[in-house]
Amino acid sequence: MSIGKLSSAIVFAFLLLTATASRAEEPAATLPPISHRIAGGEFDFIVWDSNSFTKIGSRFGESPKVLASENGKQVSDRLNAGDTVHIDNRHIVPIEAADLIEVNLPQRMLFHFEGGRLSGAYPVAIGQPGKQWRTPTGAFKVIQLQEDPTWRVPASIQREEEEAGRDVEDEVDPGPDNPLGKYWIGLSFPVIGIHGTNHPVSVYSYRTHGCVRLHPDDIKALFNDVDLNDSGVIVYLPVMLARLDDGRIFLESDRDIYRKGTGGIDAVKALARADGVDSLIDWSRAGEVLEDQEGIARDVTLGSERARGTPANSIAATTSDRKARVATDASRGIIAEELPPN
């Protein structure tokens, strides 16, 4: 069997497993197979102007609260031109495949594989926690690619706007006021799609009406890389474990925003035992990572300085093929080209 077919078979089997679990009466707590890849990295970002921890966090895929804390600040603290902000936006890649668009909802991350290569990793906004607006899970196909889309406002959103006392529109023409942004990727799911935004700071949040929302620069890159009938999958994986080629073990724990369950430390231990890495993990540190739910891949390797809490270097080695290029120009509007995890 070819690598591509084998990867597709693994993904399909995993989807069947998670779908079965999510239909059960108890919350789903299925952990994915152990991963072997991390996207993103650690780097220093030089503030230019009009920046905040919320804006920076939404752009790079790190919680503003975690970002501020790791820089010895509060989320509300003002950032001045010339300030250096250390960013850690490492995320475990849940599923590796030959060709796949994958979205992990608790992570608020989209990963794009082409020819077995991770070609993009982008922060996203997903559906709100309320059951009406949750982003669905499952496999999909790309069925539409549209530049400068017109937004035909669903009746459910029109009712919500009316109840809130806001003006109600049936359609929103292309342009700066269109919430879909400049690009729309229609999916085989009913109604929802992947699109841009006219409000970039809303990315890396749980704010949409079910769609997957990307930064304008990221949706442009993704739009240009995908084709009709490309395959994708949306999964719900709040907890993931990774073993890198150098032997280090990483654990990522995100908020269980849709309250489907995580399995907790017992599920992580079972996965580690099954992969033969349980003796390599600092379980005290792993427990802390699970409890903190910071949404960042953390080193939990037994005996590792990082697992014991030693402060990070300004630039740390990762499995990412691309190193972040840090410059003052990055905060002047070119951060999309150079710094997000690709």
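Every value quoted in this text rests on a predicted model; they were computed, and no experiment measured them. (Residues numbered from 1 in each chain as written. Predicted model: local features only at pLDDT ≥ 70, side-chain atom pairs only at ≥ 80, totals over all residues. Heavy atoms only, no water.)

### Some details on the nonpolar core
- In this structure, Leu110, Ile185, Ile194, Leu214 and Leu222 are the most contacted members of the largest nonpolar core, which totals 31 residues.
- Taken together, the elements giving at least two residues each to this core come down to strand S5 (100-104), strand S7 (117-127), strand S8 (138-147), strand S11 (183-187), strand S14 (212-214) and helix H5 (216-225).
- With 4 residues, the single largest contributor to this core is S11.
- Excluding its chain neighbours within four sequence positions, the residues that come into contact with Leu214 are Leu110, Tyr122, Pro123, Val124, Ile194, His195, Gly196, Thr197, Val203, Ile219 and Leu222.
- Counting 16 residues, the second-largest nonpolar core is a separate cluster that includes Val239, Val268, Leu290 and Val300. (Core = buried A, V, L, I, M, F, W, Y, C linked by side-chain atoms within 4.5 Å. Buried < 20%, exposed > 50% of the residue type's maximum accessible area, 1.4 Å probe, protein only. Helix = DSSP H or I, 4+ residues; strand = E, 2+ residues; numbered from the N terminus. Contact = heavy atoms within 4.5 Å.)

### Quick notes on the environment of Val203
- In this structure, Val203 sits in the loop between strand S12 (193-195) and strand S13 (206-208).
- Separated by 143 residues in the primary sequence, Val203 and Phe60 place their C-alpha atoms 9.5 Å from one another.
- With near-sequence residues (within four places) excluded, Val203 lies in contact with Ser58, Pro123, Val124, Ala125, Thr197, Arg213, Leu214 and His215.

### Regarding the sheet that holds strand S16 (residues 239-243)
- Ordered in space as S16-S17-S18, the 3 strands form an open sheet in which the pairing is antiparallel. Each edge of the open sheet is held by one strand with a lone partner, namely S16 and strand S18 (298-299).
- Here strand S17 (residues 249-253) pairs with S18 via 2 bridges, running antiparallel. Each bridged residue has a counterpart across the sheet, and for Leu251 the counterpart in S18 is Arg298.
- The strands that helix H7 (residues 283-292) touches are S16, S17 and S18; relative to S17, the one it contacts most, it runs at about 25 degrees. (Pairing = 2+ DSSP bridges. Axes fitted to C-alpha atoms, helices over the stretch in contact; angles between N-to-C directions.)

### Notes on the packing of aromatic side chains
- Taken as a whole and judged by the stated rule, the model has 5 aromatic pairs.
- Taking the centre distance of 5.6 Å and the plane angle of 70 degrees together, the rings of Phe43 and Phe60 count as edge-to-face. With a gap of 17 residues between them, Phe43 in strand S2 (residues 42-46) and Phe60 in helix H2 (residues 53-60) connect regions that are remote in the sequence.
- A relative accessible area of 2% places Phe43 in the buried class.
- Taken together, Phe43, Phe45 and Phe60 form an aromatic cluster joined through their ring pairs.
- Over the aromatic face of Tyr204 sits the side chain of Arg108, whose NZ or CZ is 3.9 Å from the ring centroid. (Phe/Tyr/Trp six-rings, centres within 6.5 Å; stacked < 30°, edge-to-face > 60°. Lys NZ or Arg CZ within 6 Å of the ring centre and 35° of its normal.)

### With respect to H7
- Along H7, the residues that are buried comprise Arg285, Ala286, Val289 and Leu290. All buried residues of H7 fall inside an arc of 140 degrees around its axis, so they share one side. Opposite the packed face of H7, turned more than 90 degrees from it, sit the exposed residues Ser284 and Glu291.
- Where H7 begins, the capping side chain belongs to Asp282, and its oxygen is found 3.2 Å from the backbone nitrogen of Ser284.
- After H7 finishes, the residue Gln293 shows a positive phi value of roughly 50 degrees. (Arc of directions from axis to C-beta. Polar contact = N/O pair within 3.5 Å; in protein donor to acceptor, adjacent residues only side chain to side chain.)

### Examining a negative patch on the surface
- A contiguous patch of negative charge on the surface is contributed by Asp167, Glu169, Asp173 and Asp177.
- Considering the arrangement of structural elements, one finds Glu169 in the loop between helix H4 (155-163) and strand S10 (171-172). (Patch = residues over 30% accessible without salt bridge, like charges linked within 9 Å, V, L, I, M, F, W, Y side chains within 5 Å. Areas by Shrake-Rupley, 256 points an atom, 1.4 Å probe, with all protein chains shown as cover. Salt bridge = Lys/Arg side-chain N within 4 Å of Asp/Glu carboxyl O. Lys, Arg positive; Asp, Glu negative; His and termini not counted. Charge placed at Lys NZ, Arg CZ, Asp CG, Glu CD.)

### Things to note about the pairing of S11
- Summarising burial for S11: 5 of the 5 residues are buried, a large majority.
- A two-sided burial pattern is seen for S11, the buried positions comprising Tyr183, Ile185 and Leu187 on one face and Trp184 and Gly186 on the other.
- Two elements, S8 and S11, share 5 bridges in a ladder whose sense is antiparallel. Across the sheet, the residue bridging to Glu147 is Tyr183, located in S11.
- Pairing of S11 with S12 involves 3 bridges; the strand directions are antiparallel. Bridge assignment links Gly186 to a residue of S12, and that residue is Gly193.

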